[in-house]
Protein chains: 2
Amino acid sequence: MSLKTAAALVIGNEILSGKVEEANLVVLARMLRPLGIRLRRVVMVEDVIDEIAREVQQLALTYDLVVTSGGVGPTHDDVTVEAVGRAFGAAVVTDPRLEKMIRAHYGERCTPGHLRMALVPDGCSLETTDDVAWPTIRLRNVWLLPGVPEIFQLKLQVLVENFGFAGDAFVTHAVYTKMDEGHLKPLLDTVVAQFPDVEVGSYPKWHHDSYTTKLTFDGQEPERVRAAHDAFVALLPEGEPQDFSE
Amino acid sequence: MSLKTAAALVIGNEILSGKVEEANLVVLARMLRPLGIRLRRVVMVEDVIDEIAREVQQLALTYDLVVTSGGVGPTHDDVTVEAVGRAFGAAVVTDPRLEKMIRAHYGERCTPGHLRMALVPDGCSLETTDDVAWPTIRLRNVWLLPGVPEIFQLKLQVLVENFGFAGDAFVTHAVYTKMDEGHLKPLLDTVVAQFPDVEVGSYPKWHHDSYTTKLTFDGQEPERVRAAHDAFVALLPEGEPQDFSE
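Residues numbered from 1 in each chain as written. Chains lettered and ligands numbered in written order. Predicted model: local features only at pLDDT ≥ 70, side-chain atom pairs only at ≥ 80, totals over all residues. Heavy atoms only, no water.

1. Thoughts on the side chain of Glu55(A)
Relative to the helices and strands, Glu55(A) is located in helix α3 (residues 49–62). In terms of polar contacts, Glu55(A) uses its side chain to reach the side chain of Arg41(B), at 2.7 Å. Sequence-distant contacts of Glu55(A), that is, excluding residues within four places in its chain, are made with Leu9(A), Val43(A), Val45(A) and Arg41(B). (Helix = DSSP H or I, 4+ residues; strand = E, 2+ residues; numbered from the N terminus. Polar contact = N/O pair within 3.5 Å; in protein donor to acceptor, adjacent residues only side chain to side chain. Contact = heavy atoms within 4.5 Å.)

Okay, structure coming up:
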């Protein structure tokens, strides 16, 4: 069984001030699961170079894949490129290929501001696919994605195609019951002890008409996940589970 | 000018696997701003006691206020109470007041599972308000809130009423323009240099009909924020900004 780990670093005062609602993490998390990659940690920080650099350095050492979201535009509050460079001791340089693309795109309207988007950490790779020709910056295991959700999702596809890794997908089964967690606990404990390789989750729903608690069974070995699910269902009293949906 | 800082720790495999979309952070961020409290860092981790304990310890030392979200129910994956105890070297004990409330609530149906919700880190405070009588656990500057959004929001009110702090609220002004960031950069740089005490943000909108970039001006001194906004608007070319809304 192969298992890869990932971490995400969300960058931007607009997220931490609540001005903009974060929207990329759930997309990233859901994209990684079928690839067998486990998102294990997320950190959100302000637009502060040293703080971003410190996080990138630590995350890159600890996890197989690091995805940053935000801070890659041309303005004063876009400091991700510089911070990632600092994390790896790489200078920030103008990439000739990016410069050419930017000049071609803006033509006579091109300003020094636009050309700041050609700045990259020295030694990085510029990743593309046939569908997404505008390069995505990657330095070692760190991928620099923009915070704007539409572009984040587009570039996520570049990551998926280029990461060159396909592990065992996580599979998941859910059971919905009208029992509360206090009553479910001994049943869950039995299954958790019996299936240490299956992740068992219990999620109460507040004020829901049709069910009280959702149980989930997750893992990378489909037969074990199914067996854990079945073992739990067999422990339920008569009449449970019912056929609920959210 | 008084300034307080906060950090949030979001706990739960369901968030990092994308099974549940995180919904509490934006509510927390927006609630803190009028109190003059700046949310400076967010960390999301899985249901792993040592990892949660380490985060709590670090965040509690660094920030004035720490809010945790998730992991406070009775099942095997609810480990926040134990982790917060470990962070401060406090044993986990049964609180008699909570036990009494739980027994009264469940009556004859009360199980050992339900009574697990009476476990608290030794030395904690149980915070309540007239409206929210069910106690919220606080250990020093760390508030333990549940992940279920409806209850999280309810308990946030307890925090607001009990935190006993009202600093200078952050104020914000926004400007919407049709200019892109490349063209705006020199104008923004001028204002940023002139108003180091005002936080200037620039947010491009992708595929939006009415505007291209939103600029924001934030700070705790209303006159300075207004002055920065006005200085920026004075730099704009004729016809900008227009009266856009999102």
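2. Here we look at the interface of chain A and chain B
Each partner contributes to the interface: chain A provides 59 residues, whereas chain B provides 59 residues. Summed over the shared surface of chain A and chain B, the result is 10 salt bridges. Glu55(A) is the partner of Arg41(B) in a salt bridge, and the nearest nitrogen-oxygen pair spans 2.7 Å. Counting across the chain A and chain B interface gives 28 residue pairs in polar contact (both at pLDDT 80 or more). It is strand β2 (residues 37–45) of chain A that contributes the most residues to the side of chain A that touches chain B, eight residues altogether. Here the side of chain A that touches chain B is composed, by residue class, of 22 nonpolar, 15 polar and 22 charged. Relative to strand β2 (residues 37–45) of chain B, β2(A) runs antiparallel, the two sharing five bridges. Counterpart to Val45(A) in the pairing with β2(B) is Arg41(B). (Salt bridge = Lys/Arg side-chain N within 4 Å of Asp/Glu carboxyl O. Nonpolar A, V, L, I, M, F, W, Y, C, P; charged D, E, K, R; others polar. Pairing = 2+ DSSP bridges.)

3. What to know about the pairing of strand β8 (residues 142–145) of chain B
Residues and elements named next belong to chain B. By the alternation rule, side chains of β8 split into Val 142 and Leu 144 and Trp 143 and Leu 145, which are all buried. In terms of strand pairing, strand β3 (residues 65–69) meets β8 through four bridges, oriented parallel. Across the sheet, Ser 69 pairs through a bridge with Leu 145, a residue of β8. Bridging between strand β7 (residues 136–139) and β8 involves three bridges; their strand directions are antiparallel. By the bridge assignment for β8, Ile 137 is matched with Leu 144. In sequence, β7 turns back onto β8 through a hairpin of two residues, with Arg 140 there showing a positive phi of about 50°. (Buried < 20%, exposed > 50% of the residue type's maximum accessible area, 1.4 Å probe, protein only.)

4. Brief notes about the sheet that holds strand β11 (residues 213–219) of chain A
All names here are of chain A. One open sheet accounts for three strands, arranged β9-β11-β10; its pairing is antiparallel. Each end of this open sheet is capped by a strand with a single partner; those strands are β9 (171–177) and β10 (199–204). Across the sheet, the mean angle from the axis of one strand to that of its neighbour is 20°, orientation sign disregarded. In terms of strand pairing, β10 meets β11 through six bridges, oriented antiparallel. Residue Tyr 203 lies in a different strand from β11, and its bridge partner there is Lys 214. Along the sheet face, helix α8 (residues 181–194) touches β9, β10 and β11 and points at about 175° away from the line of β10. (Axes fitted to C-alpha atoms, helices over the stretch in contact; angles between N-to-C directions.)

5. So, the relation of the copies chain A and chain B
Aligned on chain B, chain A shows an RMSD of 0.0 Å; the corresponding rotation is 180° and the shift along the axis is 0.0 Å. On the angle and the small slide along the axis, the relation comes out as a two-fold axis. The rotation axis passes nearest to the C-alpha of Val43(A) in chain A, at a distance of 2.3 Å. Comparing contact sets, 100% of the residues at the interface of chain A also lie at the interface in chain B, consistent with an isologous, same-surface contact. (Least-squares fit on C-alpha atoms with pLDDT ≥ 70 in both.)

6. Focus on the packing of helix α8 (residues 181–194) of chain B against helix α9 (residues 222–235) of chain B
Residue and element names in this part refer to chain B. Following both chains from N to C, one finds α8 and α9 inclined at 150°, their axes separated by 10 Å at the closest point. Relative to α9, the element α8 is oriented roughly antiparallel. Of the two possible hands of crossing, α8 and α9 adopt the one that is right-handed. Packed against α8, whose contacting residues are Leu 184, Leu 187, Leu 188, Thr 190, Val 191 and Gln 194, the element α9 presents Arg 224, Ala 228, Ala 231, Phe 232 and Leu 235 at the interface. By residue class, the composition of the contact of α8 with α9 is eight nonpolar, two polar and one charged. (Parallel < 35°, antiparallel > 145°, perpendicular 65-115°, else oblique. Left-handed = near helix turned anticlockwise from the far one by under 90°.)

7. Here's the deal with the environment of Gly12(B)
All names here are of chain B. Its place among the elements puts Gly 12 in the loop between β1 (4–11) and α1 (13–16). Spatially, the C-alpha atoms of Gly 12 and Asp 218 are 32 Å apart, while their sequence positions differ by 206 residues. Residues contacting Gly 12, with those up to four places away along its chain left out, are Val 45, Glu 46 and Asp 47.

8. Some remarks on the pairing of strand β1 (residues 4–11) of chain A
All names here are of chain A. Judged by how many residues are buried, β1 sits mostly within the fold: seven of eight residues are covered. Here β1 pairs with β2 via eight bridges, running parallel. Counted as the bridge partner of Lys 4 is Ile 37 from β2. One ladder, built from five bridges, connects β1 with strand β3 (residues 65–69); its direction is parallel. By the bridge assignment for β3, Leu 9 is matched with Thr 68.

9. Comments concerning the sheet that holds strand β10 (residues 199–204) of chain B
Residues and elements named next belong to chain B. Reading across the sheet, the three strands line up as β9-β11-β10 and stay open at both edges, with antiparallel pairing between neighbours. The open sheet is flanked by β9 (171–177) and β10, the only strands paired with a single partner. Strand-to-strand, the axes of this sheet are offset by a mean angle of 20°, without reference to chain direction. Strand direction decides the pairing type here: β9 and strand β11 (residues 213–219), joined by seven bridges, are antiparallel. Paired with Val 175 across the bridge in β11 is Leu 215. Set on the sheet, α8 makes contact with β9, β10 and β11; between it and β10 the angle comes to about 175°.

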